Amino acid sequence: MFGRGLIKGLRTTWHLGLGKAITEQYPERRPKLPPAFHGSLSLDPQKCNACGLCARACPNNVIIVDSERGEDKKRYLSAYTVKLGQCLFCGLCVESCPRGALHWLPDFELACYRFKDTEHVLYKRNPEGEVSKGA
Ligand code: SF4
Ligand code: SF4
């Protein structure tokens, strides 16, 4: 039918002006994200045993797990880095962790000016004490 697209467009404009809002007033109003939303990654260093399974499961080599042996010959996590700029947000790393140490955060404002800022240090141990940095 001639003019069908025009009528459809006008209906949308009508909704925007008077009817039920179909847009979100971001950033004044925050969107309600679904529970399974994949934002940035978060690590619980108390649960992580530096096994490296998450890094091996990652198809894009995003995760770097650094570890060292303690006096008891056990392996301890010394640093955990995620190069989020290369991440596919597939979730294979989270699924592969046998200790439930890796989680998704419900955040999405991850844009930055420099590519190197997409590298997130989720955990780093220094000589003065443990430093845990969120994504
Ligand atoms: S979500 Fe996928 S691409 Fe991103 S770090 Fe995990 S396994 Fe790698
Ligand atoms: S798979 Fe889990 S426990 Fe193993 S290094 Fe990754 S986050 Fe840590």
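Just so it is clear, the model here is predicted, and its values are computed rather than measured. Starting afresh in each chain, residues are numbered from 1 along the sequence in its written order. Starting at A for chains and at 1 for ligands, labels are handed out in the order in which the entities are written. The predicted origin of the model limits local features to residues at a pLDDT of at least 70 and limits the giving and counting of side-chain atom pairs to 80 or more, whereas totals for whole chains, interfaces and linings rest on all residues.

### Details of the overall build of the protein chain
For step 1, the next point in the chain: In this description a helix means any DSSP run of H or I spanning at least four residues, a strand means any run of E spanning at least two, and both kinds are numbered starting from the N terminus. A tally of regular secondary structure across the protein chain gives three helices and six strands.
For step 2, the next point in the chain: Tracing the protein chain from N to C terminus, the helices and strands come up as α-β-α-β-β-α-β-β-β.
For step 3, the next point in the chain: Buried means a residue has 20 or more other C-beta atoms within 10 Å of its own C-beta, exposed means 12 or fewer, and partly exposed covers the counts in between; C-beta atoms are placed from the backbone. Split into buried and exposed, the 135 residues of the protein chain put 14% on the buried side.
For step 4, the next point in the chain: A fraction of 70% describes how many contacts in the protein chain between residues 6 or more apart in sequence connect residues 24 or more apart. With C-beta atoms placed from the backbone, a contact is any residue pair whose C-beta atoms sit within 7 Å.

### Looking at the site of ligand 2
For step 1, the next point in the chain: By convention here, the C-beta atom is placed from the backbone, and a residue is near a molecule or strand when that atom is within 6 Å of it. Taken together, the neighbourhood of ligand 2 is formed by 13 residues, with C48, C51, L53, C54 and C97 sitting nearest.
For step 2, the next point in the chain: Residues that form the shell around ligand 2 fall into these classes: nine nonpolar, three polar and one charged. Each residue gets one of three labels, nonpolar for Ala, Val, Leu, Ile, Met, Phe, Trp, Tyr, Cys and Pro, charged for Asp, Glu, Lys and Arg, and polar for the others, Gly among them.

### Quick look at the site of ligand 1
For step 1, the next point in the chain: Taken together, the residues surrounding ligand 1 are A57, C58, N60, V62, I63, C87, L88, F89, C90, G91, L92 and C93.
For step 2, the next point in the chain: The residue makeup of the shell around ligand 1, split by class, is 10 nonpolar, two polar and no charged.

### Details of the environment of N61
For step 1, the next point in the chain: Within the secondary structure layout, N61 lies in the loop between helix 2 (53-57) and strand 2 (63-69).
For step 2, the next point in the chain: Separated by 26 residues in sequence, N61 and C87 place their C-alpha atoms 8.5 Å apart.

### Observations concerning the environment of E119
For step 1, the next point in the chain: As for its placement among the helices and strands, E119 is situated in strand 5 (residues 119-126).
For step 2, the next point in the chain: Owing to 15 C-beta atoms within 10 Å, E119 belongs among the partly exposed residues under this scheme.
For step 3, the next point in the chain: When the C-alpha atoms of E119 and V82 are compared, they prove to be 5.8 Å apart, with 37 residues separating the residues in sequence.

### Things to note about unusual backbone geometry
For step 1, the next point in the chain: For the bond running from Y26 to P27, omega is 5 degrees, close enough to zero to count as cis.
For step 2, the next point in the chain: Here P27 lies in the loop between helix 1 (4-17) and strand 1 (41-43).
For step 3, the next point in the chain: One non-glycine residue, K73, adopts positive backbone phi at about 70 degrees.
For step 4, the next point in the chain: Topologically, K73 is positioned in the loop between strand 2 and strand 3 (75-83).
For step 5, the next point in the chain: Accessibility expressed as a C-beta count within 10 Å gives 6 for K73, which makes it exposed.
For step 6, the next point in the chain: Within the chain, F89 stands out as a residue other than glycine whose phi angle is a positive 60 degrees.
For step 7, the next point in the chain: By secondary structure assignment, the location of F89 is in the loop between strand 3 and helix 3 (92-96).
For step 8, the next point in the chain: The exposure class of F89 is exposed, given the 12 C-beta atoms found within 10 Å.

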